[in-house]
Amino acid sequence: MSEKSEKHDERLGVLKTYKLFVGGKFPRSESGRVYEVTTATSAAGAAGKDRWLANAPLSSRKDARDAVVAARKAFGGWSGATAYNRGQILYRVAEMLEGRREQFAREVGDAEGLGKSKAAAVVDAAIDRWVWYAGWSDKVAQIAGAANPVAGPYFNLSTPEPTGVVAVLAPQESSFLGLVSVIAPAIVTGNTAVVVASERAPLPALSLGEVLATSDLPGGVVNVLSGRTAEIATPLAAHQDVNAIDLAGAGADAELARSLEEAAADNLKRVVRPQPVDWSADPGTARLLAFLETKTVWHPMGV
């Protein structure tokens, strides 16, 4: 064996340290805790044992509160940006995802137990979906707004406005396509988001944070937490500065979802309740409209 081959064989790989994504930065959990992430069972290999992938941050209640503060701080600037500008920024994210297709295909394959070609197809679908939602940025007002007929010399106009800070429980089983399908519609309409990644397979979500950080997306618009879903979601549901919570991605079991709905009622949060979702199907516009409020104004007609 040549000296060059021996050096290559002796090289140790550089293990990646995954971190949270909060306020445009990458903090470790304030608790200092981590948990092991392994491959899905069907990707475990011939031995039938799960393969260790990484240690992911185990977020605490303090991390959840910090993420809400970051999302609230970012809300004014993001919701005040033009819809066209938000669409441009989301499209830029899609461009960067396209450049990291192989990385995400590998992570999705490990997370969901998919072969290389199927994992690549899932990543392609997720990128396409991100582009699809980006295209809706300056069009959603046309389907959610209206010029209302009134009996008098007035214009009566209804326009959609973002709800505010949205807590999103990402799907447990669809670690990337489902993740994109719940984040993109929430932020393209001007909301900011605190995302609780899939507990079992958080790595694609944490890697998405790296893409968002190097795009044009302002810090705090999307904040990604990993760890125990129940531990993170409970303080988010009860937080007085969270305006809505999305449970539809099946990120919570029935008992947990019920307790989160009860906590959310304290400040009248908008709640998207758990429901079965086929993430590969045409998403329609339901999620675009889920976190919008309607403002109606009256204006006198000119003479």
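For the structure itself, consult the block above.
Residues numbered from 1 in each chain as written. Predicted model: local features only at pLDDT ≥ 70, side-chain atom pairs only at ≥ 80, totals over all residues. Heavy atoms only, no water.

Chemist: What exactly am I supposed to notice about empty space enclosed by the protein here?
Modeler: Here the idea is plain: a probe the size of a water molecule rolls over the atoms and shows the empty space left. Inspection of every chain in the model, using the stated rule, returns 1 cavity of 30 Å³ or more. Taken as a whole, the largest cavity encloses approximately 40 Å³ of empty space. Lining the largest cavity we find Val 37, Thr 38, Leu 53, Glu 107, Asp 110, Ala 111, Arg 200, Ala 201, Pro 202, Leu 203 and Pro 204. For the lining of the largest cavity, the elements supplying multiple residues, two or more each, are β1 (34-38), α4 (101-112) and α8 (203-213). (1 Å grid on protein atoms, 1.4 Å probe; cavity = no way out; pocket = protein on both sides within 12 Å on 5 of 7 lines; lining within 4 Å. Points joined across faces, edges and corners; volume = space filled by probe spheres on them. Helix = DSSP H or I, 4+ residues; strand = E, 2+ residues; numbered from the N terminus.)

Chemist: Is there a simple way to explain the environment of Leu 114 in this structure?
Modeler: Relative to the helices and strands, Leu 114 resides in the loop between α4 and α5 (116-135). Residue Leu 114 is classed as partly exposed on the basis of its relative accessible area of 28%. For Leu 114 and Ala 40, which are 74 residues apart along the polypeptide, the C-alpha to C-alpha distance reads 8.7 Å. Residues within four places of Leu 114 in sequence aside, it is in contact with Val 108, Gly 109, Ala 119 and Val 122. (Buried < 20%, exposed > 50% of the residue type's maximum accessible area, 1.4 Å probe, protein only. Contact = heavy atoms within 4.5 Å.)

Chemist: Is there a simple way to explain the side chain of Thr 192 in this structure?
Modeler: Along the polypeptide, Thr 192 turns up in strand β6 (residues 192-196). A polar side-chain atom of Thr 192 sits 3.0 Å from the main-chain carbonyl oxygen of Ala 71. Look past the residues within four positions of Thr 192 in its chain and what remains in contact with it is Ala 71, Arg 72, Ala 74, Phe 75, Trp 78, Gly 164, Val 165, Val 166, Gly 220 and Val 221. (Polar contact = N/O pair within 3.5 Å; in protein donor to acceptor, adjacent residues only side chain to side chain.)

Chemist: Sorry if this is basic, but what is going on with helix α2 (residues 61-80) here?
Modeler: Quick reminder: α-helices carry 3.6 residues per turn. Residues three or four places apart thus point the same way. Taking 1.5 Å of rise per residue, the 20 residues of α2 would be expected to cover 28 Å, and the 29 Å separating its terminal C-alpha atoms lies within 8% of that figure. The sharpest bend along α2 measures roughly 40° and falls at Ala 74. Where α2 is concerned, the buried positions are Asp 63, Ala 64, Ala 67, Val 68, Ala 70, Ala 71, Ala 74, Phe 75 and Trp 78. Among the residues of α2, the N-terminal cap falls to Ser 60, whose side-chain oxygen and the backbone nitrogen of Lys 62 are separated by 3.3 Å. (Expected span 1.5 Å × (residues − 1). Bend = angle between axes of the 7 residues up to and from the residue.)

Chemist: Would you take a moment to explain the nonpolar core for this structure?
Modeler: Generally speaking, soluble globular proteins have nonpolar side chains that are buried together. Counting 62 residues, the largest nonpolar core has Trp 130, Phe 176, Ile 183, Ile 187 and Val 222 as its most contacted members. Residue contributions to this core peak at 9 residues, all from helix α7 (residues 177-188). Filtering out sequence-adjacent residues up to four positions away, Phe 176 remains in contact with Leu 97, Phe 104, Val 108, Glu 112, Val 123, Ala 126 and Pro 204. Formed by 24 residues, the second largest nonpolar core is a distinct cluster that contains Val 22, Leu 247, Ala 257 and Ala 264. (Core = buried A, V, L, I, M, F, W, Y, C linked by side-chain atoms within 4.5 Å.)

Chemist: Would you mind going over α7 with me for this structure?
Modeler: End to end, α7 covers 17 Å across 12 residues, agreeing with the expected 16 Å (1.5 Å per residue, within 8%). Counting buried positions along α7 yields 12 of 12 residues, so the element is predominantly enclosed. Within α7, the full set of buried residues consists of Leu 177, Gly 178, Leu 179, Val 180, Ser 181, Val 182, Ile 183, Ala 184, Pro 185, Ala 186, Ile 187 and Val 188. Just downstream of α7 lies Gly 190, where phi reads positive at about 105°.

Chemist: Got a minute to help me understand the packing of α4 against α8 in this structure?
Modeler: Between two packed helices, both the angle of their axes relative to each other and the distance between the axes serve to describe the pair. Between α4 and α8, whose axes approach to 9 Å, the crossing angle comes to 160°. For the element pair α4 / α8, the angle class is roughly antiparallel. Judged by the sense of rotation from one axis to the other, the crossing of α4 with α8 is left-handed. Contact residues: Gln 103, Phe 104, Glu 107, Val 108 and Ala 111 in α4; Leu 203, Pro 204, Ser 207, Leu 208, Glu 210 and Val 211 in α8. Taken together, the residues that form the contact of α4 with α8 break down as 7 nonpolar, 2 polar and 2 charged. (Axes fitted to C-alpha atoms, helices over the stretch in contact; angles between N-to-C directions. Parallel < 35°, antiparallel > 145°, perpendicular 65-115°, else oblique. Left-handed = near helix turned anticlockwise from the far one by under 90°. Nonpolar A, V, L, I, M, F, W, Y, C, P; charged D, E, K, R; others polar.)

Chemist: For this particular structure, what's the right way to read the side chain of Arg 129?
Modeler: Its location among the elements puts Arg 129 in helix α5. Although Arg 129 is buried, it forms no salt bridge, and the closest oppositely charged side chain is Asp 282 at an N-O distance of 6.4 Å. With near-sequence residues (within four places) excluded, Arg 129 lies in contact with Leu 177, Val 180, Ser 181, Trp 279, Ser 280, Ala 281 and Pro 283. (Lys, Arg positive; Asp, Glu negative; His and termini not counted. Salt bridge = Lys/Arg side-chain N within 4 Å of Asp/Glu carboxyl O.)

Chemist: Whenever I open this one, the environment of Ser 226 confuses me. Can you help?
Modeler: You can see Ser 226 is positioned in the loop between β7 (222-225) and α9 (229-238). On the basis of relative accessible area, Ser 226 is assigned to the buried category, the value being 0%. Along the backbone, Ser 226 and Leu 289 are 63 residues apart, and their C-alpha atoms lie at a distance of 27 Å. The contacts of Ser 226, once residues within four sequence positions are left out, are Leu 20, Tyr 35, Ala 56, Pro 57, Leu 58, Ser 59, Pro 202, Leu 206 and Ile 232. Within the local environment of Ser 226, its side chain forms a polar contact with the backbone oxygen of Pro 57, the two atoms lying 2.6 Å apart.

Chemist: Even after reading the chapter, I still don't get the layout of surface pockets, so can you show me in this structure?
Modeler: Estimates place the volume of the largest pocket at around 320 Å³. Secondary-structure elements contributing two or more residues to the lining of the largest pocket are β2 (52-57) and α4. Among the elements that line the lining of the largest pocket, the one with the most residues is α4, at 4 residues. Its residues placed into classes, the lining of the largest pocket shows 7 nonpolar, 1 polar and 5 charged. What the second largest pocket holds in volume is close to 230 Å³. Residue lining of the second largest pocket: 15 residues in total, with Val 277, Trp 279, Pro 283, Ala 286 and Arg 287 positioned closest to the centre. Looking at the lining of the second largest pocket, the elements with two or more residues in it are α5 and α11 (286-290). At 3 residues, α11 tops the list of elements feeding residues into the lining of the second largest pocket. Grouping the amino acids of the lining of the second largest pocket by side-chain chemistry returns 9 nonpolar, 2 polar and 4 charged.

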